[in-house]
Amino acid sequence: DPVKRVSIMFGGYVGGSVTLSSVLWEWDGNDWQEVSIVGPHPQARSGHKMVYDSARRVHVMYGGLVPSPEPGGSRRHVTETWEYDALARIWTLRSTNGPSSRFDFDLAFDPVRNRTVLFGGSLTGAPTLFDKYASDTWVWDGDAGTWQQLNPANKPSGRFGHAMAFDSTRNVVVLLGGEYVKERFPDNGILSALSGETWTWDGSNWANQSLY
C-alpha cells in the first residue's frame, strides 16, 4: 500500500495447523503489527488472492476457502469480492457474483485500464479432471462493482498455480508458468505438466512471449 506505506497480509493457515485465520497484519519494513478492523470483515480463509488497486486506493480480495456454516461440515470455496481501505481500516463486501468457485488462480491489477485481472485456476466441482483446469479471463471494475468475463481470441491453455504481475514499462499483465494438461485420454484421464510459458495481457488479448 503506497499510500499508507505498508504491506498487507490477511488470513491463511495458522502455523502448521488446520486453523484458518481472519487476522489482518501490516508490515512497515521493520515489524509486523496486527490491525484492529472497524466494522464487518471477511471470515477466516485461505487460498484467496489480494492485489492493490492504485486508482481507487483499496486492496481487492477474491475467493478463498472458508469454514462450513454447519458444525462439522466441509470447508467451501467462496466467490466473494471484498475491498479493504487500509487508511480507514474498513472492509467492504462488494460482490458475491463473478468468476466461478476456484483455487490456485491469480490476480493482477492493471493501472492503465483500471481493472483487476483474474485468469485460470482449478475449478471446484468440475465434472472431469480436464475441466478443472480453467482458461477463462475476468476483469473487476471496482467503480461499478462488477466482474466481466472476456473472450479473447488468444489465451493460455487451462492452468492453475501460475503467477501474474503488471509490467509498468510495457503496460501489460505478465503471466508465468502453472500446471496444465499435457495430454488427455479417451477415458477422461489426463497427463499434467508444469508450464514454462510466459504470456502477456494488453487489455484485449493474450500473447505467448515464449521462445520455445
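Check the entry above for the structure.
Residues numbered from 1 in each chain as written. Predicted model: local features only at pLDDT ≥ 70, side-chain atom pairs only at ≥ 80, totals over all residues. Heavy atoms only, no water.

Break down the sheet that holds strand 5 (residues 58-62) for me, with residues and values.
If you walk across this open sheet you meet the four strands as 4-5-8-9, and the pairing is antiparallel. The open sheet has two edge strands, strand 4 (49-53) and strand 9 (90-95), and neither has a second partner. Taken over all neighbouring pairs, the strand axes of this sheet differ in orientation by 25 degrees on average, direction set aside. Relative to strand 8 (residues 81-85), strand 5 runs antiparallel, the two sharing four bridges. Bridge assignment links Tyr 62 to a residue of strand 8, and that residue is Thr 81. (Pairing = 2+ DSSP bridges. Helix = DSSP H or I, 4+ residues; strand = E, 2+ residues; numbered from the N terminus. Axes fitted to C-alpha atoms, helices over the stretch in contact; angles between N-to-C directions.)

Got a sec to walk through the pairing of strand 11 (residues 106-110)? Specific residues and values, please.
It is a general feature of regular strands that their side chains alternate between the two faces of the sheet. Within strand 11, five of the five residues are buried, which leaves the element mostly enclosed by the surrounding structure. In strand 11, alternate side chains face the same way, and those of Asp 106, Ala 108 and Asp 110 on one face and Leu 107 and Phe 109 on the other are all buried. Inspection of the sheet shows strand 11 paired to strand 12 (residues 115-123) by five bridges, in the antiparallel sense. Within the sheet, the bridge partner assigned to Ala 108 lies in strand 12 and is Val 117. The turn linking strand 11 back onto strand 12 is made up of four residues, and Asn 114 within it adopts a positive phi angle of 55 degrees. (Buried < 20%, exposed > 50% of the residue type's maximum accessible area, 1.4 Å probe, protein only.)

Describe unusual backbone geometry, listing the residues and the values that go with them.
Of note, Asn 114 is a non-glycine position whose phi angle comes to about 55 degrees, a positive value. Position of Asn 114 relative to the elements: it lies in the loop between strand 11 and strand 12. In this structure, Asn 188 takes a positive phi of about 75 degrees despite not being glycine. Along the chain, the position of Asn 188 falls in the loop between strand 18 (179-184) and strand 19 (190-194).

By themselves, these are just geometric observations and shouldn't be taken as functional.
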